[in-house]
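So the chains spell out like this:
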Amino acid sequence: MRRFSFRTLISEAFKGHKGWERQWRAPEPKSSYEVVIVGGGGHGLATAYYLAKEFGIRDVAVLEKGWIGGGNTGRNTTIIRSNYLYDESAALYNHAVKLWEGLSQDLNYNVMFSQRGVMMLAHNLHDVRSFRQHVYANRLNGVDNEWLTPEQAKEFCPPLNISREARYPVMGAALQRRGGTARHDAVAWGYARAADAMGVDIIQNCEVTGIRRGADGAVEGVETSRGFIATRRVGVVAAGHTSVIMERAGVRMPLESFPLQALVSEPVKPVFPCVVMSNAVHAYISQSDKGELVIGAGTDQYVSYSQQGGLHIATHTLEAICEIFPQFSRMRMLRNWGGIVDVTPDRSPIIGRTPVPGLYVNCGWGTGGFKATPGSGHVFAHTLAKGEPHPINAPFILDRFRTGRLIDEAAAAAVAH
Amino acid sequence: MLLVTCPYCGPRPEIEFHCGGEAHIARPAEPAGLDDQAWSEFLFVRTNRKGVQAERWLHQHGCRRWFNALRDTASDRFLATYEMGAPRPSAGGGEPR
């Protein structure tokens, strides 16, 4: 791998940028690997990267049925924050934020991580009390979060309408200054490039069609659209399609998959300095470096794999956005799309072993997995390498649905994650 | 937005309805006899099929009656709707994709 630096950039500029090479190989699958990762999104690629870098396991294949980063990694609204209520979640998401802070240097790839601040609006008394509880709980866990009055919120985000006559009055806001955004595609590409340089095979257009188990029940390998690949360890990181993959190993999951929608506007000059979320009206908004307003909407109410979603869901969000930010009412929307998110009953992820020996799963990130990408990959790599969870993901095991030790962020954080 | 055919009222827009999740999950006849694993499966584990699955729907802003539906989760197309208590129609099979 040729490292990116100021020197290489200058020398390429003088050579007409003709010397840039492929950033990762396109290898044929080998007949066997030490570890096979199913799913080439951000979480899967990060897992492969940390397996190679932290644990010295380089005989790894990442199998992706389409192209890397083409699923939810390329469909989310790129928001990063860690202001979760419970200790377990705060530890997990803050682990990710700490990794985000050094990620561009670590990968030698600019993921455009921008800590522009994430502000969550409170529209009613319940929101105010709930968010203040979050602020105090977060501070006890070493997660930065602060309470703002409506005037302070307006100062931090000038486009905000804090008029008392507003349809959704702003009664205050919780602000995490270390939160922000990153370039989602660059995260997938950066991890792919760095993992590939350490010997990881990234195999695209390779769909896993079956998981072969031996007489003792343990994993022996995966059947794919490009032939059988033998392995003793499989990590399934397939987001919305986790239930489909796991069914092929005979494991039923506590998951349901829903379309989650997002949309972008036409690009405009910089008008929006931060990320604003509103759980009560289920809308979140930021501006990309390209200039588009990036808007997140809600999920449909029914299980679906269609990657579309109903237009009334996006309409509801846009109506709320126009009330909170009246100057956007004449913006034109360019594109909207859906991503299939796998939701657990307690809205917390599942990272760990399964009842099948050799089969591991990292799923259930629901409507908010992008923010956790580095932390998720890191703790899952630890789990795959050691056969047991990292202390941070130990509470997020599949068995919690049997023991009842749920991490109920659904009740703690209303709807948006 | 989907067009949902209520077996009592006929075709109506989706926003009149509430989806109640997977159908035909029977409450255990003897709850006290269940161990934690069986309870967990009843409460939390779902088929989540990519393909035809049976689910419960409520015509919330209409006749307010529950009914079951067969729907293809890959295309969102409804194959059949039928009354609560009726057996699952054979239409569409139920083969996973």
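Everything numeric in this text was worked out from a predicted model, so none of it was measured. (Residues numbered from 1 in each chain as written. Chains lettered and ligands numbered in written order. Predicted model: local features only at pLDDT ≥ 70, side-chain atom pairs only at ≥ 80, totals over all residues. Heavy atoms only, no water.)

(A) Spotlight on the packing of aromatic side chains. The tally for this structure, following the rule as stated, stands at 18 aromatic pairs over all chains. Ring geometry for Phe272(A) against Phe325(A): centres 5.1 Å apart, planes inclined by 85 degrees, an arrangement best described as edge-to-face. Of this pair, Phe272(A) sits in the loop between strand S13 (256–265) and strand S14 (275–278) while Phe325(A) sits in the loop between helix H9 (311–324) and strand S17 (333–343), and the two are 53 residues apart along the sequence. For Phe272(A), a relative accessible area of 5% gives the class buried. Across the ring face of Tyr8(B), the terminal group of Arg65(B) is positioned such that the distance to the ring centre comes to 3.8 Å. (Phe/Tyr/Trp six-rings, centres within 6.5 Å; stacked < 30°, edge-to-face > 60°. Helix = DSSP H or I, 4+ residues; strand = E, 2+ residues; numbered from the N terminus. Buried < 20%, exposed > 50% of the residue type's maximum accessible area, 1.4 Å probe, protein only. Lys NZ or Arg CZ within 6 Å of the ring centre and 35° of its normal.)

(B) Expanded view of the interface of chain A and chain B. On the chain B side, the residues contacting the 26 residues of chain A number 27 residues. In terms of surface lost to chain B, no three residues of chain A exceed Gln301(A), Tyr302(A) and Arg402(A), which account for 28% of the buried area on that side. There are one salt bridge connecting chain A and chain B. Counting every contact that joins chain A to chain B gives 14 residue pairs in polar contact (both at pLDDT 80 or more). Those elements giving two or more residues to the side of chain A that touches chain B turn out to be helix H8 (242–247), S13, H9 and helix H11 (400–403) of chain A. A per-element tally of the side of chain A that touches chain B places H8(A) first, with three residues. Grouping the amino acids of the side of chain A that touches chain B by side-chain chemistry returns 11 nonpolar, eight polar and seven charged. (Contact = heavy atoms within 4.5 Å. Buried area = accessible area lost by both parts, 1.4 Å probe. Salt bridge = Lys/Arg side-chain N within 4 Å of Asp/Glu carboxyl O. Polar contact = N/O pair within 3.5 Å; in protein donor to acceptor, adjacent residues only side chain to side chain. Nonpolar A, V, L, I, M, F, W, Y, C, P; charged D, E, K, R; others polar.)

(C) Representation of the sheet that holds strand S6 (residues 78–83) of chain B. Residue and element names in this part refer to chain B. Overall, antiparallel pairing links the four strands, which are arranged S3-S4-S5-S6 in an open sheet. The sheet is open, and its two edges are formed by strand S3 (18–22) and S6, each paired on a single side. Each neighbouring strand pair of the sheet contributes to a mean axis angle of 30 degrees, computed without reference to strand direction. (Pairing = 2+ DSSP bridges. Axes fitted to C-alpha atoms, helices over the stretch in contact; angles between N-to-C directions.)

(D) Molecular detail of the pairing of strand S10 (residues 219–224) of chain A. Residues and elements named next belong to chain A. Here strand S9 (residues 208–213) runs beside S10; their pairing, made up of five bridges, is antiparallel. Note that in S10 the partner of arginine 212 across the bridge is glycine 221. Count of turn residues in the S9/S10 antiparallel hairpin: five residues, of which glycine 217 carries a positive phi of about 90 degrees. Relative to strand S11 (residues 227–230), S10 runs antiparallel, the two sharing four bridges. The residue bridging glycine 221 from the neighbouring strand is alanine 230, located in S11.

(E) Region of the structure containing the confidence of the model for chain B. Residue and element names in this part refer to chain B. Per-residue confidence for chain B gives a mean pLDDT of 92, with 93% of residues at or over 70. Of the regions scoring below 50 in pLDDT, residues 93–97 engages in 14 contacts with residues more than four places distant in sequence or in other chains. Of the two predicted TM-score estimates for the complex, the pTM is 0.95 and the ipTM is 0.92. (pLDDT = per-residue confidence, 0-100.)

(F) Looking closely at the state of the cysteines. All names here are of chain B. Going through the model one piece at a time under the given rule, you end up with zero disulfides over all chains. The structure places no disulfide on cysteine 6, whose sulfur is separated from the nearest cysteine sulfur, that of cysteine 9, by 3.8 Å. On the basis of relative accessibility, which here comes to 2%, the residue cysteine 6 falls in the buried class. Considering cysteine sulfurs only, cysteine 6 is the nearest to cysteine 19, which forms no disulfide, with 14 Å between them. (Disulfide = S-S within 2.5 Å.)

(G) How the structure looks around helix H5 (residues 125–140) of chain A. Residues and elements named next belong to chain A. Here H5 is 16 residues long and its end C-alpha atoms lie 23 Å apart, about the 22 Å a rise of 1.5 Å per residue gives. N-cap assignment for H5: the residue whose side-chain oxygen lies 3.2 Å from the backbone N of histidine 126 is asparagine 124. Once H5 finishes, glycine 142 follows within two positions and takes phi at roughly 75 degrees, a positive value. (Expected span 1.5 Å × (residues − 1).)

(H) Local environment of the nonpolar core. Residue and element names in this part refer to chain A. By size, the foremost hydrophobic cluster in this structure holds 50 residues, and its most contacted members are Trp100 and Tyr191. Those elements that place two or more of their residues in this core are strand S1 (35–38), helix H2 (42–55), strand S2 (60–63), helix H3 (87–101), helix H4 (103–107), helix H7 (184–197) and helix H10 (373–386). Tyr33, Val236, Met246 and Val356 belong to the second largest nonpolar core, which has 29 residues in total. (Core = buried A, V, L, I, M, F, W, Y, C linked by side-chain atoms within 4.5 Å.)

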